[in-house]
Amino acid sequence: MTGKSGGAAVRVKDVSKTFTTPTGQTHAVDSVSFDIAAGSFVSIIGPSGCGKTTVARMIGDLLPPTSGEILIDGESPSMARAGRKFGFVFQRPTLVEWRSVLRNVTLPLDVLGWSKQDKEDRGRELLKLVGLEDFADHRPDQISGGMQQRVAIARALSYDPGVLIMDEPFGALDMITRDRMGFELLRIWAESGKTILFVTHSIEEAVLLSDHVLSMSPRPTSLQKSVLIDLERPRTVQHRTDSRFIAATQELREMLEPHA
Ligand SMILES: Nc1ncnc2c1ncn2[C@@H]1O[C@H](COP(=O)(O)OP(=O)(O)OP(=O)(O)O)[C@@H](O)[C@H]1O
């Protein structure tokens, strides 16, 4: 994907956000700037309540910034949303209970007016990508939480966006499923060539999955550091014991939990 933003799939420049509520103002994000190169996997990590979700939601056109500029493939978030340039995956899969797994995946294509056959073909292709080809006709309540989140990922990829924004997508899963989903996501990422922005609470998860980890300060959040994860791919469980993995997690832990 080549953008008008100098090759960056996502550009965040001097972005701030202040929420105004009946009880006063919350300065959540303070002049955050970063670029995400096309095709890379970048995580945002920071203490609870620091503003990670707010940053992801502003990029995903779910919230307007108070000031600053966001570009996705060279376009504003609202233009990029209209042009189906990104998909968004939330912490909870939010599937439609009465639709089959296949018809949940193809839901966004209904609005785009795809033919029944094209939707069916695309849906089955995506279910294969996320390893759920045998569950097309199941209802969401007939599959596990991890499988539901894979349906949500397939749905976000349905219209083939260049960028996937994921806000703590595995936060509601147990540790074993979460670990497995991380590697599953890396496989999907490698096969699909997307740019991924991944919000997480877990330092280990961020280091294991990412090319770069953006460490955010407590609220009002600003970018503390971008840590390059110097580990070859494909990543495996063995990387957890690699000295470079340990050094990167240690560096991030010292930034995020300086008094621990
Ligand atoms: N819609 C809103 N209205 C008012 N304040 C908000 C709103 N959304 C978020 N905030 C405030 O902005 C700050 C940052 O919230 P945000 O959800 O972005 O943090 P976070 O880092 O994603 O937190 P967590 O890791 O716990 O999910 C918090 O103080 C929160 O209360």
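Residues numbered from 1 in each chain as written. Predicted model: local features only at pLDDT ≥ 70, side-chain atom pairs only at ≥ 80, totals over all residues.

Engineer: Would you mind showing me how to read the overall build of the chain here?
Structural biologist: When helices and strands are tallied, the chain shows nine helices and nine strands. Its C-alpha atoms give the chain a radius of gyration of 18 Å, within 12% of the compact-globule value 18 Å for 260 residues. Oriented by its inertia axes, the alpha-carbon framework of the chain measures out at about 55 × 45 × 40 Å. Sorting the 260 residues of the chain into buried and exposed places 41% on the buried side. Expressed as a percentage of contacts within the chain between residues at least 6 apart in sequence, the contacts between residues at least 24 apart total 70%. (Helix = DSSP H or I, 4+ residues; strand = E, 2+ residues; numbered from the N terminus. Rg over C-alpha atoms; globule rule 2.2 N^0.38 Å. Buried ≥ 20, exposed ≤ 12 C-beta atoms within 10 Å, placed from the backbone. Contact = placed C-beta atoms within 7 Å.)

Engineer: Looking at this model, I keep getting lost on the domain arrangement of the chain. Mind explaining?
Structural biologist: For interface size, the figure often reported is the accessible area lost on association. Domain annotation of the chain identifies domain 1 (1-85 + 165-255) and domain 2 (94-160). One C-alpha centre belongs to domain 1, the other to domain 2; they are set 25 Å apart. On the domain 2 side, the residues contacting the eleven residues of domain 1 number nine residues. Residue composition of the side of domain 1 that touches domain 2, by class: six nonpolar, two polar and three charged. (Domains from an automatic or database assignment. Nonpolar A, V, L, I, M, F, W, Y, C, P; charged D, E, K, R; others polar.)

Engineer: How do you make sense of the nonpolar core when you look at a structure like this?
Structural biologist: Most often, soluble globular proteins keep nonpolar side chains buried together rather than apart. Val10, Ile59, Ile165 and Leu197 are the most contacted members of the largest nonpolar core, which totals 64 residues. Three or more residues apiece are contributed to this core by two domains, here domain 1 (1-85 + 165-255) and domain 2 (94-160). Sequence-distant contacts of valine 10, defined by excluding residues within four places in its chain, comprise Ile36, Ile59, Ile72, Val163, Thr195 and Leu197. (Core = buried A, V, L, I, M, F, W, Y, C linked by C-beta atoms within 7 Å.)

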